[in-house]
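Chain by chain, the residues:
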Amino acid sequence: AQKVTQAQTEISVVEKEDVTLDCVYETRDTTYYLFWYKQPPSGELVFLIRRNSFDEQNEISGRYSWNFQKSTSSFNFTITASQVVDSAVYFCALRYSGAGSYQLTFGKGTKLSVIP
Amino acid sequence: DGGITQSPKYLFRKEGQNVTLSCEQNLNHDAMYWYRQDPGQGLRLIYYSQIVNDFQKGDIAEGYSVSREKKESFPLTVTSAQKNPTAFYLCASSKLETGSNQPQHFGDGTRLSIL
């Protein structure tokens, strides 16, 4: 069975602070994909990034960066110099990459509040 | 612009009533999904469909039904058998490829409440 744990239920930071959102996953599959989504107050989920299980390169996109460590089954997300517009619920998700498998397993989400 | 349209944005259900949530996409995606989100919870899969006229149950299909008569449309019916329907419902779609790493794209959601 697959499982995604986001231990931080809610985080509050002051604008311009850096913040890291943790994601730990469990899977018996050897190949899989990891995703991060952002859910702003309006409700829709916005895709941020995907990562293959065999690609442990960290990735940076502007103020966002992701640290994938297969050895610890973690896929953490860091926002540098946070802004009020970053306030949202962030979900980490996992999907087996084998044929016929399209189901995403989501964590419960971390609500980030950035205070001006 | 391409995207996923869910309607209505808010929906109220009376006791014993079936209600249908609409989901339409113009992304030419083969696969479509319905998720339920409860406060403080992640998303849970209700149903998904990879091809027209075919669909599979997700983790919490009881009390729900779907149809996939057109590629663009995947309506969800919340039946009277679903005793706790109050939730936020999200529809998603994605490309369909073997071992796909394609992300799912989501609509804006429908918030369903009981009267």
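Cut-offs applied
Residues numbered from 1 in each chain as written. Chains lettered and ligands numbered in written order. Predicted model: local features only at pLDDT ≥ 70, side-chain atom pairs only at ≥ 80, totals over all residues. Heavy atoms only, no water. Patch = residues over 30% accessible without salt bridge, like charges linked within 9 Å, V, L, I, M, F, W, Y side chains within 5 Å. Areas by Shrake-Rupley, 256 points an atom, 1.4 Å probe, with all protein chains shown as cover. Salt bridge = Lys/Arg side-chain N within 4 Å of Asp/Glu carboxyl O. Helix = DSSP H or I, 4+ residues; strand = E, 2+ residues; numbered from the N terminus. Buried < 20%, exposed > 50% of the residue type's maximum accessible area, 1.4 Å probe, protein only. Contact = heavy atoms within 4.5 Å. Pairing = 2+ DSSP bridges.

Colleague: What is the right way to read a nonpolar patch on the surface from this model?
Modeller: Residue and element names in this part refer to chain B. A cluster of nonpolar side chains, contributed by Y10, F12 and L115, occupies part of the molecular surface with about 390 Å² of accessible area. Following the sequence through the fold, L115 ends up in the segment after strand 11 (110–114). By relative accessible area, L115 is classed as exposed at 63%.

Colleague: Explanation requested: the side chain of S53 of chain A in the structure shown.
Modeller: Looking at the secondary structure, you find S53 of chain A in the loop between strand 6 (46–52) and strand 7 (59–61). Once you skip the residues sitting within four places of it in the chain, S53 of chain A turns out to touch T30, T31, Y32, F68 and K70 of chain A.

Colleague: Even after reading the chapter, I still don't get the pairing of strand 10 (residues 88–96) of chain A, so can you show me in this structure?
Modeller: When a strand is regular, its side chains alternate between the sheet's two faces. Residues and elements named next belong to chain A. A large share of strand 10 lies buried, amounting to 7 of its 9 residues. Here 8 bridges tie strand 5 (residues 32–39) to strand 10, and the two strands are oriented antiparallel to one another. Across the sheet, W36 pairs through a bridge with C92, a residue of strand 10. Here 3 bridges tie strand 10 to strand 12 (residues 110–115), and the two strands are oriented antiparallel to one another. Of the residues in strand 12, the one forming a bridge with A88 is L112. Across 2 bridges, strand 10 lies against strand 11 (residues 105–106) in antiparallel orientation. Paired with L94 across the bridge in strand 11 is T105.

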